[in-house]
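Residues per chain, in single letters:
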Amino acid sequence: MGVGMAVGFGSSLSAWLVERRRSDLIKKNPNHKEDILMTILWLAPQFGLLGIANGLVLKGLTDFFDDRVPQSKQYFEMLFNLSLMVIGAFLNGLAVLLAPDWFGDTIDKCQLDKYLLMLAILNVAVLALYIFLSLRFDWNVPDEVDGRDIEI
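As annotated in an unreviewed UniProt entry, the protein chain carries the name Protein NRT1/ PTR FAMILY 5.7-like and is attributed to Gossypium arboreum. Regarding the protein chain, the relevant UniProt record gives this comment under Sequence similarities (unreviewed entry): "Belongs to the major facilitator superfamily. Proton-dependent oligopeptide transporter (POT/PTR) (TC 2.A.17) family." The UniProt entry for the protein chain carries this comment under Subcellular location (unreviewed entry): "Membrane".

Any pair of aromatic rings gets described here by the distance separating the centres and the angle formed by the planes. Scanning the entire structure with this criterion turns up four aromatic pairs. Plain terms: the ring middles of F64 and F137 are 5.6 Å apart, the flat faces sit at 55° to each other, and that makes the pair tilted. A residue pair is termed long-range when its members are at least 10 positions apart, and F64 in helix α2 (residues 44-68) and F137 in the loop between α4 (112-136) and β1 (144-145) qualify at 73 residues. For F64, a relative accessible area of 26% corresponds to the partly exposed category.

Let's shift gears to the nonpolar core. The biggest cluster of nonpolar side chains holds seven residues, and these are A15, W16, A95, A99, W102, Y115 and L116. For this core, the secondary-structure elements that each account for two or more residues are α1 (2-28) and α4. Residues in contact with Y115, not counting those within four places in the same chain, are N92, A95, V96, W102 and F103.

At a minimum axis distance of 8 Å, the contact between α1 and α2 shows a crossing angle of 160°. Accordingly, the angle class assigned to the pair α1 and α2 is roughly antiparallel. In terms of crossing hand, the pair formed by α1 and α2 is left-handed. Only P45, Q46, L49, L50, I52, A53, L56 and V57 of α2 make contact with α1, whose side of the interface consists of V3, G4, M5, V7, G8, G10, S11, S14 and A15. Counted by class, the contact of α1 with α2 contains 11 nonpolar, six polar and no charged residues.

On the surface, L84, I87, F90, L91, L94, L97 and L98 cluster together into a nonpolar patch covering about 740 Å² of accessible area. Position of L91 relative to the elements: it lies in helix α3 (residues 77-98).

With that settled, the discussion passes to the UniProt feature "transmembrane region" (unreviewed entry) in the protein chain. Under the UniProt annotation, "transmembrane region" (unreviewed entry) lies at residues 36-58, 78-103 and 115-133. Regarding residues 36-58, the helix share stands at 65% and the strand share at 0%, and the terminal C-alpha atoms are separated by 37 Å. Note that residues 115-133 is 100% helix and 0% strand, and that its end C-alpha atoms are spaced 27 Å apart.

Within the fold, T62 resides in helix α2. Of note is the side chain of T62, whose polar atom sits 3.1 Å from the side chain of E77. Ignoring any residue separated from it by four or fewer positions in sequence, one finds T62 in contact with E77 and N81.

Conventions adopted
- Residues numbered from 1 in each chain as written.
- Predicted model: local features only at pLDDT ≥ 70, side-chain atom pairs only at ≥ 80, totals over all residues.
- Heavy atoms only, no water.
- UniProt positions renumbered as here; feature names shortened; annotations may be inferred.
- Phe/Tyr/Trp six-rings, centres within 6.5 Å; stacked < 30°, edge-to-face > 60°.
- Helix = DSSP H or I, 4+ residues; strand = E, 2+ residues; numbered from the N terminus.
- Buried < 20%, exposed > 50% of the residue type's maximum accessible area, 1.4 Å probe, protein only.
- Core = buried A, V, L, I, M, F, W, Y, C linked by side-chain atoms within 4.5 Å.
- Contact = heavy atoms within 4.5 Å.
- Axes fitted to C-alpha atoms, helices over the stretch in contact; angles between N-to-C directions.
- Parallel < 35°, antiparallel > 145°, perpendicular 65-115°, else oblique.
- Left-handed = near helix turned anticlockwise from the far one by under 90°.
- Nonpolar A, V, L, I, M, F, W, Y, C, P; charged D, E, K, R; others polar.
- Patch = residues over 30% accessible without salt bridge, like charges linked within 9 Å, V, L, I, M, F, W, Y side chains within 5 Å.
- Areas by Shrake-Rupley, 256 points an atom, 1.4 Å probe, with all protein chains shown as cover.
- Salt bridge = Lys/Arg side-chain N within 4 Å of Asp/Glu carboxyl O.
- Polar contact = N/O pair within 3.5 Å; in protein donor to acceptor, adjacent residues only side chain to side chain.

In structure tokens, the structure reads:
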């Protein structure tokens, strides 16, 4: 999961760099006399890294759930993983509400680079928290206690 979170930071950083470049090009051309040429390939690194990050984090969550939950409760795995993703999406939406001036009426007036930089900084903070908690976590899972299989 940690590698996926680090790759997720790379995706956020890539998105911030692209938006920063786009806004700089708009500032150089305030009267819109010239067309700003962009291709879909500007976004390819961002979405490629995002796909890798989602795959690694989802695989890590699945492995963690499989190690910690008894076989009889394995059907909750998808609900557990999706609920964590929904919490992340909710917090992302909350961040949009906290900074409405970053989102203008047109793409020329918005300041998405600040929003994307905030997401990259939050990725680093969450990665640091993950590393701290994973170092404090007891990774030993006993298979049996007193000769009996246990359920966590």
